[in-house]
Amino acid sequence: MELEHHDHACNCGHDHANEAAHSCDVFTDGQLNEAADGFLQLLKTHHFLPCARFVLKSTSEPAFSSVALAPVFISDGEESVSVLRAIGDILLGLEQHGYLSIDYDIPLDGFDYTYFKESRAYQLFVQTVREGKDRDGFLGDTATIEFGSIAPIE
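Residues numbered from 1 in each chain as written. Predicted model: local features only at pLDDT ≥ 70, side-chain atom pairs only at ≥ 80, totals over all residues. Heavy atoms only, no water.

1. What about helix α2 (residues 81-96)?
Here α2 contains 16 residues, and its C-alpha end-to-end distance of 22 Å stays within 8% of the 22 Å for a straight helix at 1.5 Å per residue. Among the residues of α2, those classed as buried are Val 81, Leu 84, Arg 85, Gly 88, Asp 89, Ile 90, Leu 91, Leu 92, Gly 93 and Leu 94. Against β2 (31-32), α1 (34-46), β4 (65-72), β5 (100-103), α4 (120-132) and β6 (142-152) lie the buried residues of α2. Count one or two residues on from α2 and you reach Gly 98, which has phi positive near 80 degrees. (Helix = DSSP H or I, 4+ residues; strand = E, 2+ residues; numbered from the N terminus. Expected span 1.5 Å × (residues − 1). Buried < 20%, exposed > 50% of the residue type's maximum accessible area, 1.4 Å probe, protein only. Contact = heavy atoms within 4.5 Å.)

Given below as structure tokens:
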């Protein structure tokens, strides 16, 4: 799993080498695209939805923390990293345009986030970090997950 660069003028959290392929745009011909509209309908139905972010930390350098993937919205736990990244792009676009907020300080009270930890993508992240920590100079040796919530902006 590659770590994304997090410094871009659109604040989407990705380094876009090809601006024509900017995937955070949730509009097509001035209208919300189907995927963005579908997520907003899901959010409207449930009012709040769970999310998470995969974070790389270090046991030798407590101040080190790097977000590997965020936001992560998991439906069934079998989604690939590329699918989760595409969903995350939609969520970031919706947040950027003021449709929803993503908050990692407020996980859903009483929600069982177990399937996030058991998801195929998180298990791949944990395995990748485990393999990498045996390399010289590899600072990020601990895979963690931080839970959050998605809320509509009225």
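2. Examining the packing of aromatic side chains
Counted according to the given criterion, the structure contains 11 aromatic pairs. Aromatic pair Phe 54 and Tyr 122: ring centres 5.1 Å apart, planes at 65 degrees, arrangement edge-to-face. Within this pair, whereas Phe 54 is found in strand β3 (residues 49-57), its partner Tyr 122 is found in helix α4, the two being separated by 68 residues in sequence. The two residues Phe 54 and Tyr 122 agree in class, both being buried. Ring plane angle 50 degrees and centroid distance 6.0 Å describe the contact between Tyr 122 and Phe 125, whose orientation is recorded as tilted. Highlighted residues: Tyr 122 and Phe 125, both in helix α4, separated by three residues, approximately one helical turn. The class for Tyr 122 is buried, based on a relative accessible area of 8%. The exposure class assigned to Phe 125 is buried, which follows from its relative accessible area of 3%. Three or more aromatic residues link up through ring pairs in this structure, and these residues are Phe 111, Tyr 113, Tyr 115, Phe 116 and Phe 147. (Phe/Tyr/Trp six-rings, centres within 6.5 Å; stacked < 30°, edge-to-face > 60°.)

3. Here we look at the nonpolar core
Counting residues in each nonpolar core, the largest one holds 19 residues, and the members touching the most others are Phe 54, Tyr 122 and Phe 125. Elements that contribute at least two residues to this core include exactly β3, β4, α2, α4 and β6. Once residues lying within four places of it in the same chain are set aside, the contact partners of Tyr 122 are Phe 54, Phe 116, Lys 117, Ala 143, Thr 144 and Ile 145. One finds Ala 36, Leu 49, Phe 73 and Leu 91 within the second-largest nonpolar core, a separate group that totals 15 residues. (Core = buried A, V, L, I, M, F, W, Y, C linked by side-chain atoms within 4.5 Å.)

4. Considerations on the packing of α1 against α2
Two elements in contact, α1 and α2, have axes whose closest approach is 10 Å; the angle formed by their N-to-C orientations is 75 degrees. In terms of their interaxial angle, α1 and α2 are classed as roughly perpendicular. Residues Ala 35, Ala 36, Phe 39 and Leu 40 of α1 form the contact with α2, whose participating residues are Ile 90, Leu 91 and Leu 94. For the contact of α1 with α2, the residue count by class is seven nonpolar, no polar and no charged. (Axes fitted to C-alpha atoms, helices over the stretch in contact; angles between N-to-C directions. Parallel < 35°, antiparallel > 145°, perpendicular 65-115°, else oblique. Nonpolar A, V, L, I, M, F, W, Y, C, P; charged D, E, K, R; others polar.)

5. Here's the deal with the side chain of Glu 79
Tracing the sequence through the fold places Glu 79 in the loop between β4 and α2. Although Glu 79 is buried, it forms no salt bridge, and the closest oppositely charged side chain is Arg 120 at an N-O distance of 7.5 Å. Of note is the side chain of Glu 79, whose polar atom sits 3.0 Å from the backbone nitrogen of Asp 76. A distance of 3.0 Å separates a polar atom in the side chain of Glu 79 from the backbone nitrogen of Gly 77. Residues within four places of Glu 79 in sequence aside, it is in contact with Ile 74, Leu 84, Arg 120 and Ala 121. (Lys, Arg positive; Asp, Glu negative; His and termini not counted. Salt bridge = Lys/Arg side-chain N within 4 Å of Asp/Glu carboxyl O. Polar contact = N/O pair within 3.5 Å; in protein donor to acceptor, adjacent residues only side chain to side chain.)

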